[in-house]
Amino acid sequence: MPISKEYIIKRLILLIAVVFGVAIITFIITRVVPSHPEFLWAGAHPTKEQLEKARRELRLDQPIYVQLYYYLLDFLTGNWGVSWRTRQPVLKDIQAALPATLELVSLAFIIALIIGIPLGILAALKRNTRIDDLIRIVTITGASIPVFWLALVLQLILSSWLGILPSAKRVDEYIIYETKFKEITGFILLDSLIQGNLQVFMNALKHIILPALVISFYPLGLSARMTRAVMIDVLNEFHTKSLAAWGLPKRVIIYKYALKNTIAPVIGVLGLSFGYTIIGAFLVEVIFVWPGIGYYAASALISYDYPAVIGCIVTAAIIYAIINTIVDILHAIIDPRVRI
Amino acid sequence: MSKTKPLVVENLTIHYYTVDGVIKAVRDVSFDVERGEAVCLVGESGSGKSTIGLAIAGILPENARIINGKILVDGINILELSERELEKIRGREVSMIFQDPAASFNPLFTVGQLLSDIIRYKLGIEDKEELRKRVIEALKIVALPDPERIFNSYPHELSGGMLQRVAIAAALLTNPKIFIADEPTTMLDVTLQFQILNLLQAIRRKFNIAILFITHNLGVAAMICDRIIVIYAGTIVEIGPTNDILRNPLHPYTKKLIESIPRTSAKISRLKYLAGSLHDLREIPRGCIFRPRCDEAFEMCEIETPKLIEIKPRHHVACHKYRVK
Amino acid sequence: MFLEDIRVTFKLIKSSLTSMIGFIIVLGFLLIGIIAPYILPYPEDAWGVSYNIEKSFLPPSIEHPFGTDEMGRDVFSRVILGARFSLIIAVGVVGLALIIGVPIGLIAGYVGGKIGEALMRITDMFLAFPPLLLAIALAATLGRGLLNTVIALAISWWTWYARLVYIQVNSVKTLPYVDAARVIGLSSLTIMFRHILPNALTPVVVQAPLDMGSAILEAAGLSFLGLGVNPPTPEWGLLVTEGWASINRAWWISFFPGLAILVTVLGFNLLADAIREASDPRLRRILLVERRV
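For clarity, every value in this text was computed on a predicted model and none was experimentally measured. (Residues numbered from 1 in each chain as written. Chains lettered and ligands numbered in written order. Predicted model: local features only at pLDDT ≥ 70, side-chain atom pairs only at ≥ 80, totals over all residues. Heavy atoms only, no water.)

## Description of the pattern of salt bridges
All names here are of chain B.
Here comes step 1: Under the counting rule described, the total for this entry stands at 27 salt bridges over all chains.
Here comes step 2: Here arginine 134 and glutamate 130 are joined by a salt bridge, their closest N and O atoms 3.0 Å apart. Of this pair, arginine 134 and glutamate 130 are both found in helix α4 (residues 128–141), four residues apart, which corresponds to roughly one turn of the helix.
Here comes step 3: In this structure, a network of salt bridges that share partners links the residues Lys5, Asp32, Glu34, Glu37 and Arg227. (Salt bridge = Lys/Arg side-chain N within 4 Å of Asp/Glu carboxyl O. Helix = DSSP H or I, 4+ residues; strand = E, 2+ residues; numbered from the N terminus.)

Okay, structure coming up:
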């Protein structure tokens, strides 16, 4: 289906505006809200000189719009401050940690969709039967579990007690050395497949499956409930009746026509599901010592490393905005009415 | 050449199950339609006329139950068919168009895709070129200009009138024996109404199809139908040839219907209307169901339900005023 | 008509087992939350002011159904008192978010036009952050504590209600009866309060109590990251976190508070689901009396 270039351009402009908005809101939170911002930016136990230095760097003696100007400049040039814990530029730390989180979050997202959407369709088709009730309980429970608690419990049972799965990190180091594994994209699963290194692949899979499953619960439940609701609406729409009257077989009406109408709005809210995987990563990476952004942010929070925390949040927001843009464009491709 | 009538409905009784109770929407309805005949089912909202149409087309909603009766399409009782067999009948022997053309189409598929799919699944034709040719032909039959452009159009890109024509094309793709039209012109403006009605007449003559036309508008019914069935609150109160009914309406309800057609005459008088509203169909009272709104009622009307009696040739009425002694 | 809605809603809640369970759970939670301080088996343990090293790490038993933690405190009491804090947080967050969001949504909707759209665009910026992330940033800035937690969560939530109200007001505004009211000569203020407001508020009123479950979940998340309430407040999320260090030794310290979160939020979500199904007018009318198997 052809999609107008204007829509894509419009959407990209919106993306830029959103990123801009994120930057401004972050500015308000970090500079305007606190009464003495320099305390936040000067580290855990700042000396008087450090505070003075922070005050100068933040240009706190200047009027707000000047501060904002330099802030945006810093923001766009990648000058996001220095982490007090690692003594590295925040952006550099984040770049190093990003692939781990992206791999985890992507896998969790895929799991959530592959299981969640078909469950929702099944529940809609078998509405008000016991299957529907069962699926409803499973999905609603998924949306009610505190993700960090689930991680702790499953880690306890599967790692500590039963020893089936490893409890920490992305992969066992010795395998990397032994099999001379090389990193290409930063996605261990992908890289190992590209190099045909099955040992590393299996090892990485064993490490990633538990955190990914845990993170996928909430978006899984969400996707299933959403799909079910949308599909029920679609099946109640009048055109399913008329198409039946004109003789289309039921399976065609459901699996070709109604399915498309269902997928379209579900895709529209996929972005939100992805957002839940992001927050899942923030909460769960610490538990599995998964060297991603969530782990970095959690460590930063413990050590009052404010620049690092803010950097992580802004990164997450930007990724979220990008994903939402992609999702919106996909939605417009499927549903021709959206192209305004 | 089969001698069976395309449509015979016998003692049809349909109930709806809702959270507020059981609605006895259609009670003991019987009629038939001959080959090439156009019969109108006339009644107000809630009279059960649409329900009858849905039942014949085989697309009753989930919460409807057929309690009793037969629907014979070309001699076969479709109420006894399995879902698979019924699927074969739909669109092939019986087809239907609806009141809201825009709602009748799936907005995410082009009109061409839909009509091609209908041919593909009903006639087993897979060749894309052949499908496209047939669809374009069908679009031409319903007098749509520029059928190639319409083939590639999405429903929201077409006007209501055009969509209704496409709907007619879709319904006729496989040459059904019975064509049901449920208030097809109600949502269109007057000029379009005439066009659609003329189109239906032309199609009827050309293909000798039996048409069941459902409407609340007696005037529209008069324009297209050979016979009129007047239905009130789930039962038939009068059946007869159109001219007969219009000139000599027998049932008080029919008389009121005719009276309330706005006329542009020299005398400016008050608009006539029928007072009261439809009975609550969860509780069917004793006697004639029209009694509360009838100004010709008498004691008998409260006690016994009137049956359909043939008063004149082919003209039946269910009213105690006319008792064959 | 509103009473009619309540009657049918109750009927539907009772018709399904899951919604009945949800209803009971929520009722139970509210009850326990309110009377918690009076039913604690070990009050000093609950408030965190006691310290009995010899009783630490006791597994679940009759005297301590949920065991004891590293300081010898009865976990059961802490969980019960935690219900009250969860209730306070839930009501606080949703309440504050409503207080901020509803007026903004109302004004934006009533003023309408470009200004209303612009206002909504600004509020949409808040939604550009993934869920909870904005609250983390705020909490990191404001610091720990019960009040800060409520504020941080409420600020990341209000936009949702503002949006809901805005959409409702917009659709109600164009209804004919509003014009009718204006024609009769009612002042704008009267129109807004007497006619538009009740309609605009309905989806919010339905949604808000059920959002309390999500508020509890998010507050727990904040506590886990060290941004929520201060110890020794027995908030459920914080209890899970405190038990993390000794989880291999004493799984019950983290397990039961987390279970409490799960059950409570589950109750809210089941109820929310039932009410959502019940408030869809189409679904109500075509509901089958008999259930298919």
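## Some thoughts on the state of the cysteines
Residues and elements named next belong to chain B.
Here comes step 1: Counted under the stated rule, the structure contains one disulfide over all chains.
Here comes step 2: Each sulfur in the disulfide pair cysteine 40 and cysteine 225 lies 1.9 Å from the other. Handedness here is read from the sign of the S-S torsion; for cysteine 40 and cysteine 225, about 60°, the answer is right-handed. Highlighted residues: cysteine 40 in strand β3 (residues 38–42) and cysteine 225 in the loop between α8 (218–224) and β9 (227–232), separated in sequence by 185 residues. Note on accessibility: cysteine 40 and cysteine 225 belong to one class, buried.
Here comes step 3: Note on cysteine 294: no disulfide assigned, nearest cysteine sulfur contributed by cysteine 301 at a separation of 6.2 Å.
Here comes step 4: Note on cysteine 294: relative accessible area 18%, which makes it buried. (Disulfide = S-S within 2.5 Å. Buried < 20%, exposed > 50% of the residue type's maximum accessible area, 1.4 Å probe, protein only.)

## Some points on the interface of chain C and chain A
Here comes step 1: Contact residues are listed per partner, giving 51 residues for chain C and 54 residues for chain A.
Here comes step 2: Both faces combined, the contact of chain C with chain A buries some 4,600 Å², and carbon together with sulfur accounts for 72% of it.
Here comes step 3: Two residues, Asp273(C) and Arg225(A), come together in a salt bridge whose shortest N-O distance is 3.8 Å.
Here comes step 4: The interface formed by chain C and chain A holds seven residue pairs in polar contact (both at pLDDT 80 or more) in total.
Here comes step 5: If you list the elements that add at least two residues to the side of chain C that touches chain A, you get α5 (113–126), α6 (133–142), α9 (188–224), α10 (236–244), α11 (252–278) and α12 (281–285) of chain C.
Here comes step 6: Among the elements that line the side of chain C that touches chain A, the one with the most residues is α11(C), at 13 residues.
Here comes step 7: Each residue belonging to the side of chain C that touches chain A can be placed in one class, and the counts come to 35 nonpolar, nine polar and seven charged. (Contact = heavy atoms within 4.5 Å. Buried area = accessible area lost by both parts, 1.4 Å probe. Polar contact = N/O pair within 3.5 Å; in protein donor to acceptor, adjacent residues only side chain to side chain. Nonpolar A, V, L, I, M, F, W, Y, C, P; charged D, E, K, R; others polar.)

## Overview of the sheet that holds strand β4 (residues 64–73) of chain B
Residues and elements named next belong to chain B.
Here comes step 1: Read from one edge of the open sheet, four strands run β2-β1-β4-β5, paired in antiparallel fashion. Two strands close off the open sheet at either side, each with one partner strand: β2 (21–33) and β5 (76–77).
Here comes step 2: Here helix α1 (residues 49–57) sits on the sheet in contact with β1 (7–18), β2 and β4, set at roughly 110° to β1. (Pairing = 2+ DSSP bridges. Axes fitted to C-alpha atoms, helices over the stretch in contact; angles between N-to-C directions.)

## Some thoughts on the nonpolar core
Here comes step 1: Grouped together as the largest cluster of nonpolar side chains are 275 residues, with contacts concentrated most on Trp246(A), Phe31(B), Ile56(B), Leu115(B), Ile168(B), Phe179(B) and Phe213(B).
Here comes step 2: Core analysis: the next-biggest nonpolar cluster, separate from the first, contains six residues, Ala36(C), Leu40(C), Leu81(C) and Phe85(C) among them. (Core = buried A, V, L, I, M, F, W, Y, C linked by side-chain atoms within 4.5 Å.)

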